[in-house]
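Analysis of the macromolecular model
Each chain, written out:
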Amino acid sequence: MDEVAQALASLTASDIARLNLLAKIRARYAPGLDWRDLLHDAIDKALDGTRKWPREIPILAFVREVMRSLASEHRRKWSQGPLMTEADLPANSDGVTLFVSAPSDEPGADREVEARELVDRIRLLFSGDMAVLAILDGMYLGLEPVEIQDRAGLTATHYASAQRRIRRGLARAFPEGVDS
């Protein structure tokens, strides 16, 4: 775990900006999940050993994939909805269950519009690159890299090259990251 802490401490400002941007993008498709929480959870899981860091993978790629996994898990749980029994519902003094409406976990209309605009900007940025668009679409659907490669007919090398184009293009287009 000391190696993980050292590797994280050695990240450059550019690496940290990339992680922030990736966390913001992932969190936009995970309703109710704040990008800062996503990033911090990924780092916590790496530091406490819950997620094991294979040393042959760069720490940046490892944290990115932990965030992808956490966001995917959050989306899966959110889509199933909260599990609630009648005993969980509030009751009056006679023990009669009172049905109340709880606040929604769904993002508001403003966030949805902002997210759609961001996605449109990103899609426009990569409009001529079919491999990149296929990867972005697959990420949006929560697919694993192998599934994206199969659907898009990409080899692992082409997939990795397209991911680099995505990272570089996003870093150029959003040097300060994406506003939350």
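Residues numbered from 1 in each chain as written. Predicted model: local features only at pLDDT ≥ 70, side-chain atom pairs only at ≥ 80, totals over all residues. Heavy atoms only, no water.

Check the secondary structure of the chain and you find eight helices and zero strands. If you list the helices and strands of the chain from N to C, you get α-α-α-α-α-α-α-α. When burial is assessed residue by residue, the chain has 34% of its 180 residues classed as buried. (Helix = DSSP H or I, 4+ residues; strand = E, 2+ residues; numbered from the N terminus. Buried < 20%, exposed > 50% of the residue type's maximum accessible area, 1.4 Å probe, protein only.)

Per the stated rule, a full pass over the model turns up zero aromatic pairs. In this structure, K24 is placed above the aromatic ring of W35, and the distance from its NZ or CZ to the ring centre is 4.5 Å. (Phe/Tyr/Trp six-rings, centres within 6.5 Å; stacked < 30°, edge-to-face > 60°. Lys NZ or Arg CZ within 6 Å of the ring centre and 35° of its normal.)

Along the chain, the position of R64 falls in helix α4 (residues 59-80). In this structure R64 touches L19, L22, Q163 and R167, once residues within four positions along its chain are discounted. (Contact = heavy atoms within 4.5 Å.)

This part takes up the packing of helix α6 (residues 130-140) against helix α8 (residues 156-173). At their nearest, the axes of α6 and α8 sit 9 Å apart, and the two run at 85 degrees to each other. Considering the angle they form, α6 stands roughly perpendicular to α8. Across the interface between the two elements, A131, V132, I135 and L136 of α6 pack against Y159, A162, Q163, R165 and I166 of α8. (Axes fitted to C-alpha atoms, helices over the stretch in contact; angles between N-to-C directions. Parallel < 35°, antiparallel > 145°, perpendicular 65-115°, else oblique.)

Attention now moves to the environment of L133. Within the secondary structure, L133 is located in helix α6. Separated by 29 residues in sequence, L133 and A162 place their C-alpha atoms 9.2 Å apart. L133 has contacts with R123, F126 and S127, leaving out every residue within four places of it along the chain.

Estimated volume of the largest pocket: approximately 440 Å³. I25, R26, L136, M139 and Y140 are, among the 26 residues lining the largest pocket, the residues nearest its centre. Where the lining of the largest pocket is concerned, the elements lending two or more residues are α2 (13-28), α4, α5 (109-125), α6, α7 (145-152) and α8. Each residue belonging to the lining of the largest pocket can be placed in one class, and the counts come to 16 nonpolar, one polar and nine charged. (1 Å grid on protein atoms, 1.4 Å probe; cavity = no way out; pocket = protein on both sides within 12 Å on 5 of 7 lines; lining within 4 Å. Points joined across faces, edges and corners; volume = space filled by probe spheres on them. Nonpolar A, V, L, I, M, F, W, Y, C, P; charged D, E, K, R; others polar.)

In this section: a negative patch on the surface. A cluster of acidic residues, D37, D41, D44 and D48, forms a negative patch at the surface. When you line up the elements, D48 lands in the loop between α3 (35-47) and α4. (Patch = residues over 30% accessible without salt bridge, like charges linked within 9 Å, V, L, I, M, F, W, Y side chains within 5 Å. Areas by Shrake-Rupley, 256 points an atom, 1.4 Å probe, with all protein chains shown as cover. Salt bridge = Lys/Arg side-chain N within 4 Å of Asp/Glu carboxyl O. Lys, Arg positive; Asp, Glu negative; His and termini not counted. Charge placed at Lys NZ, Arg CZ, Asp CG, Glu CD.)

What follows is about the nonpolar core. Among the nonpolar cores identified, the biggest contains 24 residues, and L19, L38, L39, I59, F62, V63 and M67 are the most heavily contacted of them. The set of elements that each furnish at least two residues to this core consists of α1 (2-9), α2, α3 and α4. Looking at this core element by element, the count peaks at eight residues for α4. Not counting the four nearest positions on each side in its chain, L38 is found in contact with A23, R26, A27, L33, M67, L70 and A71. (Core = buried A, V, L, I, M, F, W, Y, C linked by side-chain atoms within 4.5 Å.)

So yeah, pure geometry; function would need other evidence.
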